[in-house]
Amino acid sequence: MSKDILNRTLLEHAKALETREYSSRELTEAYLGQIEEKNKDINAFVTVCAERAIAEAECSDARRRAGQARSLLDGIPCAAKDNISVAGLRLTCGSKMLKDHSAVYDATVIARLSECGAVLLGKTNMDEFAMGTGTESSCFGRTKNPLSYDRVAGGSSGGSAAAVAAQMAAFALGSDTGGSVRQPAAFCGVVGMRPTYSALSRYGLVGFAPSLDTVGILTRDVADCRTVLENIAFCDPLDSTSHGLPQMSAEARLTSFKNKKIAIVKELCELDISADVRAAFEKKAEYAKELGADIVELSIPSVKSAYAAYYTISSAEASSNLSRFDGVRYGYRAKDADTLDEMYTKSRSEGFGGEVKRRILFGALRSRRAFATRYTQERSRLAEE
């Protein structure tokens, strides 16, 4: 089969599978061949499950022959970031701490993809515990940008972005806490979307900062992104913060800009943005206006503190979340420790990389300072009363 088909979008693949231009097995083998050829240089995948993918593709072909395709995603090969749980596959989060850990259950988004008939090719590389901006802190080594090997792929979902950009997967899932899907998508020239918090279930996503984390989607174009989102979004009883997507008819989607306001934040437009990015932004705003949207300027002075607030909140939550990795129940355990305290210290010191340690320390420090401040204020208030 010609490699040219790998240049097609998800929806183009879906149409070709429906018309029997090629089978899901043939498509899956083409992607696996691309992974075998390209991954040694790019390092987008840390786990490839070829046998599983072929078996899933053959099941999809059988369903299509019987006229029982489950969705537009049926038979479409995809990838998932290695902080998303897939039963039976390694779940490493790019860390020595979990390098040999295997998941025992499927994340909800993986279960939804399975229900839709998608074919999972493997797990993708990432910054350790999703903390980073270049996919350089992974214990498996850095991921290279498929557009230029001497540049980074972005992070922390750099492996997923690179896999889509290098035609090693039709689409991929990542996670986004503070830009970890959108930034690598921009670096690699693909579409990356962070859905509204609560649209996709976080059940089975290893937590970095739960109040900020979302599962994200990386595709070749916007239509593909919408297709994946609509197929895997729903209100999940296993995630109390999950609400799915509002029900909307096809007609409503086509006219969704009419009589709607789109705000442009004044303070963000005042940032030092490159001319190309600013021109592209203004072009999209004008396009939305042509579709019927009302473009309004909005001032949010506190947005200037967003970066500092993000680092304070995310690091505090990360410090709390990662306390579970202590070398006792699972994960890396130091072998030359004589006491319990020494085992804790050595296991965490050796298991975590530099960036993760910095965020743990920063989060613990900020949390203690905030507690001390609140405690002092409360004591003062009680004394005055």
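Below, the structure is looked at part by part. (Residues numbered from 1 in each chain as written. Predicted model: local features only at pLDDT ≥ 70, side-chain atom pairs only at ≥ 80, totals over all residues. Heavy atoms only, no water.)

On to the overall build of the chain. Secondary structure assignment for the chain yields 13 helices and 10 strands. Relative to the globule expectation of 21 Å for 385 residues, the C-alpha radius of gyration of the chain, 22 Å, shows essentially globular dimensions. Based on the C-alpha atoms only, the size of the chain along its principal axes is roughly 75 × 60 × 45 Å. By residue count, 45% of the 385 residues in the chain fall in the buried class. (Helix = DSSP H or I, 4+ residues; strand = E, 2+ residues; numbered from the N terminus. Rg over C-alpha atoms; globule rule 2.2 N^0.38 Å. Buried < 20%, exposed > 50% of the residue type's maximum accessible area, 1.4 Å probe, protein only.)

For helix H12 (residues 340–351), spanning 12 residues, the distance from its first C-alpha to its last is 16 Å, which sits close to the expected 16 Å at 1.5 Å a residue. All of the buried residues along H12 are Met 343, Ser 347 and Gly 351. The buried residues of H12 occupy an angular sector of 30° when the element is viewed end-on, so they sit on one face. (Expected span 1.5 Å × (residues − 1). Arc of directions from axis to C-beta.)

As a further point, take the sheet that holds strand S2 (residues 77–81). Taken together, 6 strands build an open sheet; the order of strands is S1-S3-S2-S6-S8-S7 and the sheet is mixed. Of all the strands in the sheet, just strand S1 (45–48) and strand S7 (191–193) have a single pairing partner and so form its edges. Put simply, the sheet's adjacent strands are angled 25° from each other on average, direction ignored. As paired strands, S2 and strand S6 (residues 171–176) are joined by 3 bridges and run parallel to one another. Residue Ala 79 lies in a different strand from S6, and its bridge partner there is Ala 172. (Pairing = 2+ DSSP bridges. Axes fitted to C-alpha atoms, helices over the stretch in contact; angles between N-to-C directions.)

Residues Val 109, Ile 110, Leu 113 and Phe 171 are the most contacted members of the largest nonpolar core, which totals 62 residues. Among the elements that line this core, the one with the most residues is helix H2 (residues 24–42), at 6 residues. When sequence neighbours within four positions are dropped, the list of residues in contact with Leu 113 reads Leu 73, Cys 78, Ala 118, Phe 171, Leu 173 and Ile 232. One finds Leu 91, Met 97, Met 126 and Phe 208 within the second-largest nonpolar core, a separate group that totals 20 residues. (Core = buried A, V, L, I, M, F, W, Y, C linked by side-chain atoms within 4.5 Å. Contact = heavy atoms within 4.5 Å.)

What follows is about the layout of surface pockets. Of the volumes computed, that of the largest pocket is approximately 2,200 Å³. Together, 48 residues line the largest pocket, and Arg 182, Met 193, Arg 194, Ile 262 and Phe 281 are the ones closest to its centre. For the lining of the largest pocket, the secondary-structure elements that each account for two or more residues are helix H7 (222–232), helix H8 (250–254), strand S9 (261–265), helix H9 (266–269), helix H10 (275–290) and helix H11 (306–321). In terms of residues, the lining of the largest pocket owes the most to one element, H10, which gives 9 residues. The residue makeup of the lining of the largest pocket, split by class, is 32 nonpolar, 5 polar and 11 charged. Looking at the second largest pocket, its volume works out to about 350 Å³. Contributing to the lining of the second largest pocket are 19 residues, with Leu 91, Tyr 105, Val 206, Arg 324 and Tyr 330 lying nearest its centre. The class makeup of the residues in the lining of the second largest pocket is 10 nonpolar, 6 polar and 3 charged. (1 Å grid on protein atoms, 1.4 Å probe; cavity = no way out; pocket = protein on both sides within 12 Å on 5 of 7 lines; lining within 4 Å. Points joined across faces, edges and corners; volume = space filled by probe spheres on them. Nonpolar A, V, L, I, M, F, W, Y, C, P; charged D, E, K, R; others polar.)

Next up on the list: the packing of aromatic side chains. In the structure shown here, the tally under the stated rule is 7 aromatic pairs. Look at Tyr 307 and Tyr 311: their rings are 5.1 Å apart centre to centre, the planes differ by 65°, and that puts the pair in the edge-to-face class. Residue Tyr 307 and its partner Tyr 311 are located together in helix H11, separated by 4 residues, close to a single helical turn. Look at Tyr 310 and Tyr 311: their rings are 5.3 Å apart centre to centre, the planes differ by 80°, and that puts the pair in the edge-to-face class. (Phe/Tyr/Trp six-rings, centres within 6.5 Å; stacked < 30°, edge-to-face > 60°.)

For the structure on display, the rule yields 17 salt bridges. Note that Asp 326 is salt-bridged to Arg 329, the shortest N-O span being 3.3 Å. The exposure class assigned to Asp 326 is buried, which follows from its relative accessible area of 11%. Arg 329 gets classed as exposed once you look at its relative accessible area, which sits at 57%. (Salt bridge = Lys/Arg side-chain N within 4 Å of Asp/Glu carboxyl O.)

Between Gly 155 and the following residue, Ser 156, the backbone shows a cis peptide bond with an omega angle of 5°. Here Ser 198, not a glycine, exhibits a phi torsion of approximately 100°, which is positive. If you trace the backbone, Ser 198 turns up in the loop between S7 and strand S8 (214–219). Exposure remark for Ser 198: the relative accessible area of 16% places this residue in the buried category.

Below, the discussion takes up the state of the cysteines. Under the counting rule described, the total for this entry stands at 0 disulfides. Looking at Cys 188, it has no disulfide partner, and the nearest cysteine sulfur is the one in Cys 225, 15 Å off. What makes Cys 188 buried here is its relative accessible area of 2%. The structure places no disulfide on Cys 235, whose sulfur is separated from the nearest cysteine sulfur, that of Cys 116, by 17 Å. (Disulfide = S-S within 2.5 Å.)

The next subject is the environment of Leu 365. Summarising the element assignment, Leu 365 is placed in helix H13 (residues 354–384). Remark: the alpha-carbon pair of Leu 365 and Thr 312, spanning 53 residues in sequence, is separated by 9.7 Å.

Let's shift gears to helix H5 (residues 158–165). Within H5, 8 of the 8 residues are buried, which leaves the element mostly enclosed by the surrounding structure. One or two positions beyond H5, positive phi appears at Gln 167, with a value near 60°.

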